[in-house]
Amino acid sequence: MLNKKMLMVLFTALMVVFMAACGNNEAKDNEAGSDDGKKGLKIAIVTSPSGVDDGNFNEDNYNGILSFIEKNSDATVKAIREETGDPAAAVQAVADIVADYDVIVTPGFQFAGISSIALENPDKKFILIDSEPAAQGEQKEFDNIYAMTFAEQESGFFAGMAAALETKSNKVAVVNGIAYPSNVNYQFGFESGVNYVNAVYDKKVEVVELPAYAGVDVNNEDVGGNYVGTFSDEATGKVVGNALIDEGVDIIFVAAGGSGNGVFTAAKEAGGDVKVIGCDVDQFDDGVNGSENIVLTSGLKVMSTNVEKSLNSIVDGSFKGGNVVLQADTDSTGYVKEEGRHQLSEDTISKIDEAYKLVKEGKVVAASNFNGHTPDKFPGL
């Protein structure tokens, strides 16, 4: 029979285990970082409805913050999910918390309007990912907003090369969400990569487009491609994926957000002959299909590293606001070639790496929505 002293020891041990378990569960969903009384950087990240555990865009940015906190243990982060994705609501979500944090990280174009908040709060810092801030009068850059966009056409170019070098049917495609500039950049970059392989390595790979899903960009120009029309329609994504597979396409680059999940499903149901290329982050885990995997590789925007760099600049006093396009010359675009995370041949990796050097040096400049080049006529082709 347990005596009083033994019961107290047992009770204390159980309480320690219980509190530790609760603490671990809270860290990811609510707040991470030290609570030891030190004054460190107070960070908030406000995201779209998919949150910081979406396994994709938002989570990659959040991981950059967590990496910073690992090296700055007095810093904390609060993750806040804006439930609608509406730009006005997204900006309001930032306005609601701005007084409580030193720096606010906002991944996504819906946060462009934070520029009005930044002007009203010059002592706060903002990190905006994948968008430039909305102009306030004639002002387009702000001292307290570091706005990073990425040369998606470069990542798309490497994805196009991978598809063209690995296809067996000689038919490939790209599926996008909405013809916003970043998505058109991915499309044009992909098409540029395919055309580069055709020209340099004497292949005859076709980029398949479904006329019913052609995109219209922000200038009301028809850009072709395969656009679902939204980033959150998995069912239509699957319809587009199946239609392309029916046309003989065996590799699909998917840059369609949640709609892209439907394309993944279509590829999985088609069997082992159809592969997809992920977008923004390493999506290899999303490609698991029984004992197989449908992900060939992923086109990357290196967001987490650049978020961490931005936070470091705040701490060391070198932070500078501005609108920056990050490219291969800072290793901010690329593709997945880490062992166990892709299914590319060594020959394909060698060829893409050769082209990567040319992109980095500016000798190959893939087409984008507004750079004046087209997928069939660009420097280096």
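Residues numbered from 1 in each chain as written. Predicted model: local features only at pLDDT ≥ 70, side-chain atom pairs only at ≥ 80, totals over all residues. Heavy atoms only, no water.

**A short note on the overall build of the protein**
Next, step 1: Check the secondary structure of the protein and you find ten helices and 17 strands.
Next, step 2: A globule of 381 residues ought to have a C-alpha radius of gyration of about 21 Å, and the protein, at 23 Å, matches this closely.
Next, step 3: Across its three principal directions, the C-alpha atoms of the protein cover 80 × 65 × 35 Å.
Next, step 4: The long-range fraction of contacts in the protein, counting pairs at least 24 apart against all pairs at least 6 apart in sequence, stands at 66%.
Next, step 5: Surface exposure of the protein reaches about 17600 Å², of which carbon and sulfur atoms provide 51%.
Next, step 6: Looking at charge distribution, the protein has the averaged site of its 29 positive side-chain charges lying 6 Å from that of its 58 negative ones. (Helix = DSSP H or I, 4+ residues; strand = E, 2+ residues; numbered from the N terminus. Rg over C-alpha atoms; globule rule 2.2 N^0.38 Å. Contact = heavy atoms within 4.5 Å. Areas by Shrake-Rupley, 256 points an atom, 1.4 Å probe, with all protein chains shown as cover. Lys, Arg positive; Asp, Glu negative; His and termini not counted. Charge placed at Lys NZ, Arg CZ, Asp CG, Glu CD.)

**Thoughts on the side chain of Ser304**
Next, step 1: With respect to the helices and strands, the residue Ser304 is situated in helix 9 (residues 303-316).
Next, step 2: Not counting the four nearest positions on each side in its chain, Ser304 is found in contact with Asp60, Asn63 and Gly64.

**Section: unusual backbone geometry**
Next, step 1: Backbone geometry at Asp280 places phi at a positive 75 degrees, although glycine is not the residue there.
Next, step 2: When its relative accessible area of 12% is taken as the criterion, Asp280 is described as buried.
Next, step 3: At Asp331, a residue that is not glycine, the phi angle is positive and equals roughly 55 degrees.
Next, step 4: Along the chain, the position of Asp331 falls in the loop between strand 16 (322-326) and strand 17 (333-335). (Buried < 20%, exposed > 50% of the residue type's maximum accessible area, 1.4 Å probe, protein only.)

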